Amino acid sequence: QVQLVESGGGLVQAGGSLRLSCAVSGRTFSPYAMGWFRQAPGKEREFVTGITGWSGGYTYYADSVKGRFTISRDNDKNTVYLQMNSLKLEDTAVYYCAAGATPVVRTATTEYDYWGQGTQVTVSS
(Lines give C-alpha, C1' and ligand atoms only; values in the text may rest on other atoms or scores of the structure.)
Protein backbone atom coordinates (compact mmCIF):
# COMPACT_ATOMS: atom_id res chain seq x y z
CA GLN A 1 0.00 0.00 0.00
CA VAL A 2 1.46 3.30 -1.12
CA GLN A 3 1.29 6.13 1.36
CA LEU A 4 2.28 9.76 1.09
CA VAL A 5 2.27 11.65 4.38
CA GLU A 6 2.71 15.42 4.40
CA SER A 7 3.79 17.44 7.38
CA GLY A 8 4.96 20.93 8.19
CA GLY A 9 1.92 23.02 7.43
CA GLY A 10 0.63 25.68 9.78
CA LEU A 11 -0.08 29.33 10.34
CA VAL A 12 2.56 31.88 9.37
CA GLN A 13 2.66 35.62 8.91
CA ALA A 14 3.12 37.12 5.50
CA GLY A 15 6.79 37.23 4.63
CA GLY A 16 7.53 34.19 6.73
CA SER A 17 8.69 30.70 5.82
CA LEU A 18 7.53 27.13 6.14
CA ARG A 19 9.02 23.82 5.11
CA LEU A 20 6.73 21.01 4.06
CA SER A 21 7.80 17.38 3.99
CA CYS A 22 6.24 14.40 2.25
CA ALA A 23 7.33 10.91 3.22
CA VAL A 24 6.59 8.13 0.77
CA SER A 25 6.25 4.46 1.64
CA GLY A 26 5.10 1.31 -0.11
CA ARG A 27 6.69 2.13 -3.43
CA THR A 28 10.14 2.56 -4.90
CA PHE A 29 10.73 6.27 -4.52
CA SER A 30 13.72 7.37 -6.54
CA PRO A 31 12.63 6.70 -10.16
CA TYR A 32 9.51 8.81 -10.08
CA ALA A 33 8.86 12.50 -10.37
CA MET A 34 7.29 14.17 -7.37
CA GLY A 35 5.05 17.18 -7.35
CA TRP A 36 3.44 19.64 -4.98
CA PHE A 37 -0.01 20.98 -5.71
CA ARG A 38 -2.28 23.29 -3.76
CA GLN A 39 -5.96 23.99 -3.55
CA ALA A 40 -7.49 27.15 -2.14
CA PRO A 41 -11.16 27.32 -1.13
CA GLY A 42 -13.40 27.53 -4.17
CA LYS A 43 -10.54 26.98 -6.58
CA GLU A 44 -9.22 24.06 -8.55
CA ARG A 45 -6.15 22.17 -7.48
CA GLU A 46 -3.12 23.71 -9.15
CA PHE A 47 0.45 22.70 -9.85
CA VAL A 48 3.03 24.43 -7.65
CA THR A 49 6.29 22.65 -8.35
CA GLY A 50 7.77 19.35 -9.42
CA ILE A 51 11.08 17.54 -9.41
CA THR A 52 12.25 14.85 -11.80
CA GLY A 53 12.90 11.29 -10.74
CA TRP A 54 16.24 9.69 -9.94
CA SER A 55 18.69 12.47 -9.02
CA GLY A 56 16.07 15.20 -9.24
CA GLY A 57 18.22 17.17 -11.61
CA TYR A 58 15.38 19.27 -12.97
CA THR A 59 12.81 21.27 -11.12
CA TYR A 60 9.80 23.22 -12.36
CA TYR A 61 7.81 25.96 -10.72
CA ALA A 62 4.57 27.79 -11.28
CA ASP A 63 5.21 31.43 -12.07
CA SER A 64 3.43 32.46 -8.91
CA VAL A 65 6.02 30.78 -6.67
CA LYS A 66 9.17 31.04 -8.75
CA GLY A 67 12.02 32.52 -6.73
CA ARG A 68 10.23 31.94 -3.42
CA PHE A 69 9.66 28.18 -3.24
CA THR A 70 12.22 25.39 -3.57
CA ILE A 71 11.52 21.71 -4.06
CA SER A 72 14.07 19.04 -3.21
CA ARG A 73 14.19 15.31 -2.64
CA ASP A 74 16.16 12.92 -0.48
CA ASN A 75 16.04 9.48 -2.05
CA ASP A 76 17.69 7.88 0.98
CA LYS A 77 14.79 9.09 3.13
CA ASN A 78 12.05 8.63 0.52
CA THR A 79 11.05 12.20 1.18
CA VAL A 80 10.34 15.29 -0.88
CA TYR A 81 10.47 18.77 0.60
CA LEU A 82 8.97 22.14 -0.21
CA GLN A 83 10.74 25.15 1.24
CA MET A 84 8.45 28.16 1.09
CA ASN A 85 9.88 31.61 1.70
CA SER A 86 8.44 35.12 1.46
CA LEU A 87 4.96 33.71 1.89
CA LYS A 88 2.03 35.78 0.69
CA LEU A 89 -1.63 35.79 1.64
CA GLU A 90 -2.46 34.19 -1.69
CA ASP A 91 -0.32 31.17 -0.83
CA THR A 92 -2.99 30.10 1.67
CA ALA A 93 -4.23 26.67 0.60
CA VAL A 94 -4.15 22.98 1.32
CA TYR A 95 -0.89 21.64 -0.07
CA TYR A 96 -0.70 18.14 -1.49
CA CYS A 97 2.28 16.09 -2.55
CA ALA A 98 1.89 13.65 -5.40
CA ALA A 99 3.91 10.82 -6.88
CA GLY A 100 4.20 10.64 -10.62
CA ALA A 101 4.05 7.61 -12.91
CA THR A 102 7.32 8.42 -14.70
CA PRO A 103 10.54 10.33 -13.99
CA VAL A 104 9.20 13.29 -15.95
CA VAL A 105 7.47 16.17 -14.22
CA ARG A 106 3.92 16.82 -15.38
CA THR A 107 1.65 19.66 -14.33
CA ALA A 108 -1.70 17.92 -14.69
CA THR A 109 -3.21 16.23 -11.65
CA THR A 110 -4.19 13.27 -13.81
CA GLU A 111 -0.52 12.45 -14.41
CA TYR A 112 0.04 11.55 -10.77
CA ASP A 113 -0.71 8.13 -9.36
CA TYR A 114 -0.66 8.73 -5.64
CA TRP A 115 -1.56 11.64 -3.39
CA GLY A 116 -1.08 12.65 0.19
CA GLN A 117 -3.89 13.75 2.45
CA GLY A 118 -2.89 17.40 2.30
CA THR A 119 -1.57 19.87 4.84
CA GLN A 120 -3.04 23.29 5.50
CA VAL A 121 -0.90 26.38 5.01
CA THR A 122 -2.42 29.63 6.21
CA VAL A 123 -0.67 32.94 5.68
CA SER A 124 -1.93 35.83 7.79
CA SER A 125 -1.40 39.56 7.46
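Residues numbered from 1 in each chain as written. Predicted model: local features only at pLDDT ≥ 70, side-chain atom pairs only at ≥ 80, totals over all residues. Heavy atoms only, no water.

Q: Any chance you could break down the sheet that holds strand β8 (residues 79-84) for me, citing the residues and the numbers?
A: The sheet built from four strands is open, its strands ordered β1-β3-β8-β7 with antiparallel pairing. Edge positions in the sheet fall to β1 (3-7) and β7 (69-74), since each of these pairs with one other strand and no more. Sheet twist, expressed as the average angle between the axes of neighbouring strands with direction ignored, equals 15°. Pairing of strand β3 (residues 18-25) with β8 involves six bridges; the strand directions are antiparallel. Paired with Cys22 across the two strands is Val80, which belongs to β8. (Pairing = 2+ DSSP bridges. Helix = DSSP H or I, 4+ residues; strand = E, 2+ residues; numbered from the N terminus. Axes fitted to C-alpha atoms, helices over the stretch in contact; angles between N-to-C directions.)

Q: So, the state of the cysteines: which residues are in play, and what are the values?
A: Within the structure shown, the criterion is met by one disulfide. In this model, Cys22 is linked to Cys97 through a disulfide, with the two sulfur atoms separated by 1.9 Å. Across the S-S bond linking Cys22 and Cys97, the dihedral sits near 45°, which makes this disulfide right-handed. One end of the pair, Cys22, is in strand β3; the other, Cys97, is in strand β9 (residues 93-100), and 75 residues separate them in sequence. When sorted by exposure, Cys22 lands in the same class as Cys97, which is buried. (Disulfide = S-S within 2.5 Å. Buried < 20%, exposed > 50% of the residue type's maximum accessible area, 1.4 Å probe, protein only.)

Q: Kindly report on the pattern of salt bridges, identifying the contributing residues and their values.
A: For the structure shown, the criterion picks out five salt bridges. Among the salt bridges present, the one from Lys66 reaches Asp63, with a minimum N-O distance of 3.0 Å. As far as the burial class goes, Lys66 and Asp63 line up, both exposed. Within the structure, one salt-bridge network assembled from shared partners comprises Arg38, Glu46, Arg68 and Asp91. (Salt bridge = Lys/Arg side-chain N within 4 Å of Asp/Glu carboxyl O.)

Q: Would you mind going over the pairing of β8 in detail, with residue names and values included?
A: Within β8, five of the six residues are buried, leaving the element largely enclosed by the surrounding structure. The turn linking β7 back onto β8 is made up of four residues, and Asn78 within it adopts a positive phi angle of 55°.

Q: An account of the packing of aromatic side chains is requested, with residue identities and associated values reported.
A: Enumeration according to the criterion identifies four aromatic pairs in this entry. A ring pair is formed by Phe37 and Phe47, whose centres lie 5.6 Å apart and whose planes are at 80°; its orientation type is edge-to-face. With Phe37 in strand β4 (residues 34-39) and Phe47 in strand β5 (residues 46-51), this residue pair connects regions lying 10 residues apart in the sequence. Comparing Phe37 with Phe47 shows no difference in burial state: the two are buried. One Lys or Arg, Arg27, reaches over the ring of Tyr32 and ends 3.7 Å from the middle of that ring. (Phe/Tyr/Trp six-rings, centres within 6.5 Å; stacked < 30°, edge-to-face > 60°. Lys NZ or Arg CZ within 6 Å of the ring centre and 35° of its normal.)

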